[in-house]
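Descriptive structure summary
So you can see what is in the structure, the chains are spelled out below.
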Amino acid sequence: MKILSVSDVVDPLVYTPNLPERFGDVDIVISSGDLPYYYLEFIVTMLRVPLFFVRGNHAPVKKPWERDHPLPQGCVNLDQRVVNYRGLLIAGLEGSMKYSDRGVAQYTEGEMRLKVARLIPWLLRNKVKEGRYLDILVTHSPPFGIHDKPDRCHTGFKVFNWLIRTFKPRYLIHGHVHLSGYHKPEDVLLKVDETWILNTYGHRITEISP
């Protein structure tokens, strides 16, 4: 199964009328956050494949007069849930470390632990029914000490390290940490225990067997 993952920046290689010719063979799209909703809607409309997403810390903010801020149309919000798409088990956790009182999708380490706890029954059920817990975990932030940075905003979550050691997803796909032209290969893809950690800043293509 071929996956197009996107995050953090509107990539001109993706946001183009030639998108179906360039990426028409992908099976699903995964967004790790901090992308405008019009961009996600463009991708899902042009490629006509499922798009699964989590929000980042720069997601649109709900206005006081709005009951709920609209989410991107035609896309599936993965936060705190698991989906089984053609045998591929995918879960998601939105947001970054809390660094201000403004904005959305910011969490303390303790708050993120509670979000992870809500996923555990889904993962245990997967183990019983499918023989494994999870194939792909989609997050906005990276795990602590892996692809993260020392400033508060870009510090990774320690509970993600516990999660990958315990439930062993094949991939953790995240965004949030921007890459320059001088990044090293291990800044993009790094294996920790049995899990490949992928920083999907911009866009990446990944192939995974269901």
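Everything discussed here concerns the structure shown above.
1. Remarks on the pairing of strand S11 (residues 189-192)
For a regular strand, side-chain orientation follows a simple rule: the groups alternate between the two sheet faces. Judged from the 4 bridges that link them, S11 and strand S12 (residues 195-199) form a sheet pairing that is antiparallel. Along S12, the bridge assignment pairs leucine 189 with leucine 198. Between S11 and S12, which pair antiparallel and follow one another directly, the connecting turn spans 2 residues, one of which, aspartate 193, has a positive phi of 55°.

2. A closer look at the pattern of salt bridges
Under the counting rule described, the total for this entry stands at 9 salt bridges. The partner of aspartate 25 in a salt bridge is lysine 2, with the nearest N and O atoms 2.7 Å apart. With a gap of 23 residues between them, aspartate 25 in the loop between helix H1 (19-23) and strand S2 (28-31) and lysine 2 in strand S1 (residues 2-7) connect regions that are remote in the sequence. Of the residues examined, lysine 2 reaches a relative accessible area of 19% and is grouped as buried. Linking glutamate 109 and arginine 113 is a salt bridge whose minimum nitrogen-to-oxygen distance equals 3.9 Å.

3. Observations concerning the nonpolar core
In a soluble, globular protein the nonpolar side chains are often hidden away together inside. Ranked by size, the top nonpolar core spans 26 residues in total, and within it Leu93, Met112, Leu137, Phe157 and Phe160 carry the most contacts. For this core, the secondary structure elements donating two or more residues are strand S6 (88-93), helix H3 (109-130) and helix H4 (158-167). Per-element tally for this core: the top contributor is H4, with 5 residues. Sequence-distant contacts of methionine 112, defined by excluding residues within four places in its chain, comprise Leu93, Glu94, Tyr107, Phe157, Val159 and Phe160. Of all hydrophobic cores here, the second largest spans 20 residues; its members include Met1, Ile3, Val83 and Tyr85.

4. A word on the sheet that holds S2
Read across the sheet, 5 strands follow the order S4-S3-S2-S1-S13 without closing on themselves; strand pairing throughout is mixed. Since the sheet does not close on itself, it has two edges, and those belong to strand S4 (76-77) and strand S13 (202-207), each with one partner. As defined by bridge partners, strand S3 (residues 51-53) adjoins S4 across 2 bridges and the pair is classed as parallel. What sits directly across from phenylalanine 52, in S4, is valine 76.

Scoring rules and cut-offs
- Residues numbered from 1 in each chain as written.
- Predicted model: local features only at pLDDT ≥ 70, side-chain atom pairs only at ≥ 80, totals over all residues.
- Heavy atoms only, no water.
- Pairing = 2+ DSSP bridges.
- Helix = DSSP H or I, 4+ residues; strand = E, 2+ residues; numbered from the N terminus.
- Salt bridge = Lys/Arg side-chain N within 4 Å of Asp/Glu carboxyl O.
- Buried < 20%, exposed > 50% of the residue type's maximum accessible area, 1.4 Å probe, protein only.
- Core = buried A, V, L, I, M, F, W, Y, C linked by side-chain atoms within 4.5 Å.
- Contact = heavy atoms within 4.5 Å.

Interpretation in functional terms is not warranted from these geometric data alone.
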